[in-house]
Amino acid sequence: MAGPGSDLPDHPDYLWRNPEPRRSYDVVIVGGGGHGLATAYYLAKNHGITNVAVLERGWLAGGNMARNTTIIRSNYLWDESAGIYEHALKLWEGLEEDLDYPILFSQRGVLNLAHSLQDVRDSVRRVEANRLNGVDAQWLDPQQVKEVCPIVNTSPDVRYPVLGGTYQPRAGIAKHDYVAWGFARAADALGVDLIQHCEVTGLDITDGKITGVQTTRGRIAAGRVALSAAGHTSVVAAMAGIDLPLQSHPLQALVSELLEPVHPTVVMSNAVHVYVSQAHKGELVMGAGIDSYNGYGQRGAFHIIERQMSAALELFPAFARAHVLRTWGGIVDVTPDASPIVGLTPVDDLYLNCGWGTGGFKATPGVGWCYAHTIATGEPHPLNAPFSLDRFTTGALVDEHGAAAVAH
Amino acid sequence: MMLIPCPWCGPREEAEFHYGGQAHVAYPSDPAALSDEEWARFLFFRDNPKGPFAERWNHSASCRRWFNVVRDTVTNEILAVYKVGAPRPVLA
Amino acid sequence: MAEQTMIRRSPLAPAADRLAGVGSATGGAVTLAEVPFLTQLNLRLDPTGPAAEAVAAELGVALPTGPGSASAGEVTVLWLGPDEWLVVGAPGTEGELEARLRSAVGDAHASVVDVSAQRTTLLLGGARARDLLALGCALDLHPRSFGTGDCAQTLLARAQVVLVGREAGEFWLLVRASFAAYLVDWLVDASTEFTSTELTAG
Amino acid sequence: MTQQEFRTVQGGRIDRDRPLRFRFDGRDYTGYAGDTLASALLANGVHRTSTSIKLGRPRGIFAAGAEEPNALVQVEAPFPEPMLTATTVELYDGLVARGLGGQGRLATDPDPARYDAVHTHCDVLVVGAGPAGLAAASVAAASGARVVVVDDRSEPGGSLLGTREAKALDWVASVAADLHANPEVRLLTRTSAFGYYDDNYVVAVERRTNHLGASAPAHLSRERIWRIRARRVVLATGAHERSLAFDDNDRPGIMLAGAARTYVNRYGVLPGRRAVVLTTNDSAYAAALDLLDAGVAIAVIADLRPSVSPLWTERLADRGVEVLAGYGVERVVGEERVSSVVLAGGREFEADLLLVSGGWNPVGALYSQAGGKLRYDADLGSFVPDGCREAVAVAGSANGTYGLAGCLAEGTGAGRAAVEATGFAAGTGRELPAADESPVTPPAHTWVLPGDETVQFVDLQRDVTVAEIRRATGTGMRSVEHVKRYTTAGTAHDQGKTSGVLTSGVVAHLLGVDVGDLGTTTFRPPYAPVSFAALAGRDRGALHDPIRVTALHAWHQANGALFENVGQWQRPWYYPRDGEDLHAAVLRECRAAREGVATMDASTLGKIDVQGPDAAVLLDRLYTNLMSSLKVGSIRYGVMCRPDGMIFDDGTVIRLAEDRFLVTTTTGNAAGVLDWMEDFLQTEWPDLRVHCTSVTEQWATIALVGPRSREVLGTLAPDLAVDNDSFPFMTWRDTTVAGLAARVCRISFSGELAYELNVNWWDALALWEAVLAAGAPLGITTYGTETMHVLRAEKGYPIIGQDTDGTVTPQDLGMDWIVSKKKPDFIGKRSFARADTGRPDRKHLVGLLPDDGETLLPEGAHLVEMESLPEPPVPMLGHVTSSYHSAALGRPFALALIKGGRDRIGQRVYAPLGDVLVPVTITGPVLYDPEGKRRDG
Ligand SMILES: Cc1cc2nc3c(=O)[nH]c(=O)nc-3n(C[C@H](O)[C@H](O)[C@H](O)COP(=O)(O)OP(=O)(O)OC[C@H]3O[C@@H](n4cnc5c(N)ncnc54)[C@H](O)[C@@H]3O)c2cc1C
Ligand SMILES: NC(=O)c1ccc[n+]([C@@H]2O[C@H](COP(=O)([O-])OP(=O)(O)OC[C@H]3O[C@@H](n4cnc5c(N)ncnc54)[C@H](O)[C@@H]3O)[C@@H](O)[C@H]2O)c1
Ligand SMILES: Cc1cc2nc3c(=O)[nH]c(=O)nc-3n(C[C@H](O)[C@H](O)[C@H](O)COP(=O)(O)O)c2cc1C
Ligand SMILES: [Zn+2]
């Protein structure tokens, strides 16, 4: 009998070396999460820069990459966001082949539910913008929502009834760890050194230019340094005296036991605040809201979980007797406009990629691609140019929450 | 669920409070005199330390008072509670 | 005036039967009733200033300076915050009481706002009253921690309430009028637990 | 129906007078009250419960508690529940279950049970009611402190229940009786503490009625979440026995030695007839003796240690049992059930049971969640507590203390220290029972036995073998966290309770590193699975989120209103009459307002009383326009921005006195605006002498709108001079309306002559009925939010949150006039000087008229410049924020935010709708009565 997960493809037998850090690299990437690994891979692959080290303070991809709900979509409101997320989605569509690694990318579609008349307006606005930006998107009425996901409670006996939803058929999920390992293996094969348990503790700057990093495994010289430290970016940037408009918050998620397939797509609801998919083995994977305050503890408060479950049962009464097996938390770096910051810094040859908050997994290949370009050329890639740090000074924000687009 | 000691009501559940972010960020006395960079700093840039952080809380479900707290952002341990306007206490 | 009171409708008038039903369904383990139309004045002033003394003199009772309440005759003063109180009196006395308070504070910086209709009051009693509250209120309601005369603003079932310990193990629950019907739904549902003596765990 | 052939003749804590019928995998059985599904199955000779998840290998009952990795079952009746462990399902009459290899199945019918949550506070929380926990509770309770004791089993006693320690069991009973009798103590059985959060907040789930099956009382919650806030916590959670990796160590009939002991002693069940014992430590000997006493033959004891305790060897020799030191298991024969066991060297022993003890793991989950550190104790061969920030202590075998006397002593000490720390003088607990203790021979530290790694299981539940772990380390992985994710070890239902440390051990063994350096994977809540329904509790449906209603809500309901959720409020959306749809109803309601008289309940608007000598100063700083110049008796509309210059709320301000204003806010923002004011008053400008008080529910507000509204007001308010000169626009009067004290404001959100009548909440219904009665001859019509929106849109009045989205300045809305040039500063002013807010191509609020005079543009539609769409990305000009059919204009119209919109007035742009591009013409935002002639009636 083939049980759940037994049909999952086997991993390669070999992933990475565990090299000792060298004294010097052309590029040092701080943070071995999905973004850091993808950046290293595209630096090597697209730009031929292979004398690269990815320095990771813990185990590789053990930060948010290990703990996200893996939702991938590109149906963002603003042109700037649609540009970079759609670029990422297109890369996702070829990634398994490119990395020669089974990443379980499943385009099962993502539904974003609307529960108020204003949600409906915002949703239609987003769908219409998506279409004009070449992003697949549909507005579904409650009946159509029910057809896409039959277990959603579309009856009016819910506190905030479902008034419809947006649907992106090309959106979906992938297996987070496999994605990280796929990028890691490919980067390693191209000569990138992946150095684990190597925490960056200082940034060496001379005459406004970065020259290397101090680490728990000694000093490492670097021609260029690229930050990819997600929730810890403020801490690392502070080593260069750079303040950032970031706040790091706890964000939690949880899984149920393995269940027979009940949930064919991904459902997200901002108003009722829950997002759910059923992963390949059969566990329900669910995300909660962020804790309101800053936190670096990789854990969140319990009432957030209770709220999340009450929201889940509003939408999915069938989940009542499912069980929570495990909850966990990550540290998400949130910007004032809920859009990322990718580009140059006031320090020469020091680059910045952060602020993806609750939604940067889906960007992994896209941002890796653009960030690698930025690092290799010293100029922002056109797709990340709008996400510069100086938008906070000019006011040209890319306000994704103001426009009621949903995170994750 | 933290237990936050309101200086007026005593310890209460975190859910009764609103978070107010970094403490000691004064509204500039003359915004017009600030450069765009300085104004942007006031608007958007806040400390985000890993460790003790002086921050504001409002006891919104009860006495509606704002007060300051020094909390370790790693452990959530509350190291000090003090009133608005008081200087950040020096912690050993 | 009398005529006017006749046509007044308290927020929970339509729920009166359901509230009474809780007492009978639980055999008195939990009792609920609305105490409508209480006079309620929101008072703000500096507790260390002369206005505080003047008000105390006028009401015949000192303003509580921390979570708690104080009573004098028909007037009960509930502490809401370090410079804020709710002065509760008999129905229909809001005009007179407001005038008394205003004249007592004189020129001091103080505010008196009639909020009598802002919140309505529920009287909760019965041997299981505390257990009922524990189903939605995070305060420590053990008699050692919260007894007669104690007063706290807090959340009950995610609605903001002012909770006051009254005589004989009863409680006042002051709730904003717009939340009152919801809170009653919640309380009635919560009381299901006590509707039978069989296996009343906890 | 089978007889319970494997039931002992007597003994056990089951009630032999209460037989219970149940069905498993389609066959009917009986068991007794006090059984678990697992013990009842074993009593009937059923070991094999399921097949393994990936490899489909037969699997049986392996443990006797929450740590069970194998015996997963699906309950089918009385109500489906996916994936439970047979070892924790208490038997009840009528239980129907089946073994589960892979995925559980959710019910398709709604769950009829109730669930709830309750808060409790205590001085001391004791988790675990074994000897250590009960000893702690006993001293703590005797001090008078408030004590809560939780234990996940059906009765207190912990692992003592699985022994025949008569004296200790008597002690358990007397302590339990003491605790039950003490009003300050709550002893909760069937309650697992599953999460340890900040500030000693421990959450537990109590299974209250499940064991009653179909006779569970409906008025009680089935499961309850206990939210426990404890001043001190004592964790006495015991230890879990672990297995060893040897060939075919997953066969049905292989069981943890301690579990077998529990089945015999607690449940009166023989887990087999003849057993081989494999152990690394002394504990399995006691198990072997108890099994012998119950009639199970012990074929041999294989002890991996080269030298074993002479004491135990002697005791077993007395019973004719051979102990082989330095021996392990080479092979297990029998697929569906162990039939014999081959030891290293080839000796084969016939047996239907193989008892294993690979050592003990103190249960460190909650401690670790509390932030406690774990340290590897090489002598014990396990991870033990090593310091924690929270006010928590660990006692008993959870602390690595495995002897009974030690557990009792440690529990007592921890209980005493805990109460003393909370300020109580420690009392004297029940006198501890004497406990004989045999000297302990140190355990062997073995993880893997020689053999075929592909059939040596580490995580039974996830089918993870030593070979797979080797493959993981072979990829380059060095961290147990990686190995966990690569192999999925520890990620199943049991979260690796018996396998986690073993996994670390095997990795350490394969990498040749110290297991202490490697550590464990992270312990996360919940300690044991918790149902979604329990976590959701009663917060479902109408109780999911508070519903706020106005004083007139019942009237609206009785009169057929449909409602719109606006934040937590429910507002009448429109009032359809027979057969009307939204469109028809709204056209009718609008017409009434424009041509006759109409009325709506506007009570949800936020209202704040702002008092004090500096009230005007405060408002001047918060609003973009000047409020200090407002005259007493007058009203002014105002807008508030965030410091970034974006609009955040709007509303009217009425001046009641020199030092007193009444501010109204949007429905959704009342609390936000009050917080905003308090924030500035308390933290920025404490020198301002101002007090703010919410009066949202104090006042009910009824809008009376339309050219004939004056007539209605005139009839209702005989004392009020209602003519335009006496009562001009944007003024207010206190008067009597329908005999009720009322404040009447001349405000219009529709462009028509209109009033807002404010009375206190109690009088709202009386006023409303009076207004309807007085207006009846004029055909007064009630209207809801939709009509309100149409009327204001025809006038170009924006709705904050609909026509704005947090990126819109007052200037973008064409409201330069509301941005004071005179005031030196107000919140938001500085941001208007930033580069981006000065851009000429910012989006402006404009009107749109579809050229065909018929198409209703969807709200959210975008506008483009071109007549036919190019390939994406298509440059967009902006989007439709509001769009309606207008009765007054006789056509649909819209409001939109368009790039440089004000400079485009008169231009034609296009709205792509599906495949069609609808031409529309940009106009100014005010489409109805631009001269404002209708305002005065
Ligand atoms: C619960 C949760 C759910 C989420 N759900 C989704 C979702 O559904 N869809 C989606 O698109 N996104 C989601 N996200 C967000 C997404 O996970 C992140 O945006 C994304 O993973 C961030 O990029 P990263 O992978 O590089 O980050 P990380 O994996 O966090 O990588 C950063 C790395 O930097 C390392 N580091 C930090 N400081 C140092 C230092 N000084 N020296 C060396 N290394 C250092 C860290 O250890 C870490 O490994 C979710 C996040 C969480 C927490
Ligand atoms: N000989 C040995 O090597 C050995 C090893 C281990 C234990 N023991 C014996 O076992 C006993 C240990 O006593 P003890 O009091 O430390 O532990 P215990 O195992 O007797 O009791 C712990 C209790 O806590 C419960 N529990 C665990 N986690 C829980 C949670 N999260 N929520 C609710 N309940 C939870 C368990 O179900 C159990 O009932 C002693 O008698 C000791 O001699 C012996
Ligand atoms: C998409 C996804 C699915 C997961 N599925 C499971 C699961 O089935 N079982 C499990 O125990 N954990 C599962 N986890 C959670 C991990 O075990 C772990 O909690 C998470 O990676 C965070 O790491 P930490 O808890 O070790 O800090 C899953 C995580 C993610 C992101
Ligand atoms: Zn307070």
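Before reading further, recall that the structure is shown in the block above.
Residues numbered from 1 in each chain as written. Chains lettered and ligands numbered in written order. Predicted model: local features only at pLDDT ≥ 70, side-chain atom pairs only at ≥ 80, totals over all residues. Heavy atoms only, no water.

Structural notes on the site of ligand 3
- Taken together, 17 residues lie around ligand 3, and Ala66(A), Arg67(A), Arg326(A), Thr491(D) and Arg524(D) are the ones closest in.
- Surrounding ligand 3 are residues belonging to chains A and D, so the site spans chains.
- A distance of 3.0 Å separates a nitrogen atom of ligand 3 from a polar side-chain atom of Glu283(A).
- In the environment of ligand 3, an oxygen atom lies 2.7 Å from a nitrogen or oxygen atom belonging to the side chain of Gln495(D). (Near = heavy atom within 4 Å. Polar contact = N/O pair within 3.5 Å; in protein donor to acceptor, adjacent residues only side chain to side chain.)

Describing the coordination of the zinc ion (ligand 4)
All names here are of chain B.
- Summarising the metal site, the zinc ion (ligand 4) is bound by the protein donors Cys6 (SG), Cys9 (SG), His59 (ND1) and Cys63 (SG), whose distances to it range over 2.0 to 2.4 Å.
- Taken together, the 4 donor atoms coordinating the zinc ion (ligand 4) and their angles of 104 to 121° define a geometry best described as tetrahedral.
- Read in sequence order, the donor residues for the zinc ion (ligand 4) give the motif C-x2-C-x49-H-x3-C. Neither Cys6 nor Cys9 differs from the other in exposure class; each is buried. (Donors = N, O, S within 2.8 Å, 3.2 Å for Na, K, Ca; no water. Tetrahedral: all angles 85-135°; square planar, octahedral: opposite > 155°, others 65-115°. Buried < 20%, exposed > 50% of the residue type's maximum accessible area, 1.4 Å probe, protein only.)

A short note on the site of ligand 1
Residues and elements named next belong to chain A.
- Around ligand 1, 38 residues are found, and the nearest of them are Glu56, Asn64, Thr69, Gly360 and Lys362.
- Within the backbone of Asn64, an N or O atom sits 2.8 Å from an oxygen atom of ligand 1.
- In the environment of ligand 1, an oxygen atom lies 2.9 Å from a nitrogen or oxygen atom belonging to the backbone of Met65.
- For ligand 1, the accessible surface in isolation is 990 Å², of which the surrounding protein chains cover 97%.
- For the shell around ligand 1, the residue count by class is 14 nonpolar, 19 polar and 5 charged. (Areas by Shrake-Rupley, 256 points an atom, 1.4 Å probe, with all protein chains shown as cover. Nonpolar A, V, L, I, M, F, W, Y, C, P; charged D, E, K, R; others polar.)

Structural notes on the pattern of salt bridges
Residue and element names in this part refer to chain A.
- One pass over the full model with this rule turns up 106 salt bridges over all chains.
- In this structure, Arg217 engages Glu20 in a salt bridge whose closest nitrogen and oxygen atoms are separated by 3.3 Å. Remark: Glu20 occurs in the segment before strand E1 (24-30) and Arg217 occurs in the loop between strand E10 (209-215) and strand E11 (218-227); sequence separation between them is 197 residues.
- Taking relative accessible area as the criterion, Arg217 reaches 33% and is therefore assigned partly exposed.
- According to the relative accessible area criterion, Glu20 is exposed, its value standing at 59%. (Salt bridge = Lys/Arg side-chain N within 4 Å of Asp/Glu carboxyl O. Helix = DSSP H or I, 4+ residues; strand = E, 2+ residues; numbered from the N terminus.)

Thoughts on helix H2 (residues 79-99) of chain A
All names here are of chain A.
- Over its 21 residues, H2 extends 29 Å from the first C-alpha to the last, a length consistent with the 30 Å expected when each residue adds 1.5 Å.
- Most pronounced at Glu93, the bend in H2 amounts to some 45°.
- For H2, every residue scored as buried is listed here: Ser81, Ala82, Ile84, Tyr85, Glu86, His87, Ala88, Leu89, Leu91, Trp92, Leu95 and Leu99.
- Those residues of H2 that are buried lie in contact with helix H1 (34-47), strand E3 (71-72), strand E6 (164-168), helix H5 (176-189) and helix H8 (364-377).
- Count one or two residues on from H2 and you reach Asp100, which has phi positive near 55°. (Expected span 1.5 Å × (residues − 1). Bend = angle between axes of the 7 residues up to and from the residue. Contact = heavy atoms within 4.5 Å.)

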